[in-house]
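Coordinate inspection notes
Here are the chains, one letter per residue:
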Amino acid sequence: VSPLLPGEILDFHTHIWKSENWKSKPWETENDGGKYMVTTENYPPETLLADGQNSFPDKRYKAVIFGYPTPVVDLEKDTRYVAAAANKYDNFFPLVLAGKSFNLTREQIHAQLSSGGFWGYKVFLNWLGNDYADIGIEDMLGEAEMSLANEYRLIVMLHVPRAGRLADPEIQKGVETLAKEYPNAQIVLAHCGRCYLPSEMKRAIRSLKQLDNVSMDTSMVMDPLTLQIAMEAIGP
């Protein structure tokens, strides 16, 4: 596929982390759902760059990077780690973890953004327990985060909740409300709104047609028909 690709590749959804930036290892806790996320304990920026270059050996590899949004993350340490990686390598565009559950003021969030040259947020999602299936978009972000996103045209990367994902009418309504109330925010739905299957994408994609400030990233979406449906409905 190399001849079909541009000279630069922007990987829009990548995580970097080290377990020293966690309060505990999730799979070693007794929390409901704690063993859901079991992975290598460290994935530093150098490994990401090497993997990206191995995947696209004749291209310049760039990435939007952020931390590991597990409920056990130490937000201050994670923020410094991602900022340091972006400061060291000009291949990276950093996002800071954000969300209502961090209980930060607008001033604290502004200071975070300024501290590392962050381009926006990767929205935190508490996947421990059963809240993952019950919360809405309005439970994930508040006025503090979104007023800054609107003012500075920040990226807001959302991992939408619920079993129905973007195919859920309530989630569609939440995305639409967020997009219209904060028209300058650059909202990105991670994993194509978590519509991994064509049947989900068919039920979801129409909801985005009139939302000019909403995009989707394609990470982890491996069904070509799912991507075809999205491309035909809203374009690249």
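The paragraphs below set out a description of the structure included in this document. (Residues numbered from 1 in each chain as written. Predicted model: local features only at pLDDT ≥ 70, side-chain atom pairs only at ≥ 80, totals over all residues. Heavy atoms only, no water.)

Moving on, we get to the nonpolar core. Ranked by size, the top nonpolar core spans 65 residues in total, and within it Tyr121, Val156, Leu158, Val175 and Leu189 carry the most contacts. A total of six residues in this core trace back to one element, the largest contributor, which is helix H2 (residues 75-88). Not counting chain neighbours up to four residues away, the residues in contact with valine 175 comprise Ile137, Val160, Leu166, Leu189, Leu208, Leu211 and Val214. Counting residues in each nonpolar core, the second largest holds seven residues, with Val64, Phe66, Val188 and Ala190 among its members. (Core = buried A, V, L, I, M, F, W, Y, C linked by side-chain atoms within 4.5 Å. Buried < 20%, exposed > 50% of the residue type's maximum accessible area, 1.4 Å probe, protein only. Helix = DSSP H or I, 4+ residues; strand = E, 2+ residues; numbered from the N terminus. Contact = heavy atoms within 4.5 Å.)

Working definition: the strands of a sheet are paired by backbone hydrogen bonds and lie parallel or antiparallel to each other. Taken in spatial order, the three strands of this open sheet run S1-S4-S5, and their pairing is parallel. Either end of the sheet is taken by a strand with one partner, and the two such strands are strand S1 (8-15) and strand S5 (92-94). Shown here is a sheet whose adjacent strand axes are inclined to one another by a mean of 20 degrees, direction ignored. Here strand S4 (residues 60-66) runs beside S5; their pairing, made up of three bridges, is parallel. Across the sheet, residue alanine 63 finds its bridge partner in S5, namely phenylalanine 92. (Pairing = 2+ DSSP bridges. Axes fitted to C-alpha atoms, helices over the stretch in contact; angles between N-to-C directions.)

What follows concerns the packing of helix H3 (residues 106-116) against helix H5 (residues 143-152). Where H3 contacts H5, the axes come no closer than 9 Å and their chain directions differ by 50 degrees. Taken as axis vectors, H3 and H5 run oblique relative to one another. With respect to the hand of their crossing, H3 and H5 are arranged in right-handed fashion. In this structure, H3 contributes Arg106, Ile109, His110 and Leu113 to the contact, and H5 contributes Ala144, Glu145, Ser147, Leu148, Glu151 and Tyr152. Of the residues assigned to the contact of H3 with H5, the class counts are five nonpolar, two polar and three charged. (Parallel < 35°, antiparallel > 145°, perpendicular 65-115°, else oblique. Left-handed = near helix turned anticlockwise from the far one by under 90°. Nonpolar A, V, L, I, M, F, W, Y, C, P; charged D, E, K, R; others polar.)

What follows covers the packing of aromatic side chains. Note on aromatic pairs: each is described by the distance of the centres and the angle between the planes. With the rule as written, the count across this model stands at seven aromatic pairs. Measuring from centroid to centroid gives 5.3 Å for phenylalanine 93 and tryptophan 119, while their planes differ by 85 degrees, and the two rings are edge-to-face. Taken together, the residues phenylalanine 93 in strand S5 and tryptophan 119 in the loop between H3 and strand S7 (120-123) connect sequence positions 26 residues apart. Connected via pairs of aromatic rings, a cluster forms that spans Trp17, Trp22, Trp27, Tyr43 and Tyr68. (Phe/Tyr/Trp six-rings, centres within 6.5 Å; stacked < 30°, edge-to-face > 60°.)

For residues other than glycine, phi is negative in most cases, and the peptide bonds are mostly trans. The phi angle at arginine 165 is positive, at roughly 55 degrees, despite the residue not being glycine. Residue position: arginine 165 is located in the loop between strand S8 (155-158) and helix H6 (169-181). Of note, the phi angle at histidine 191 is positive, near 55 degrees, even though the residue is not glycine. With respect to the helices and strands, the residue histidine 191 is situated in helix H7 (residues 191-194). Of the residues examined, histidine 191 reaches a relative accessible area of 5% and is grouped as buried.

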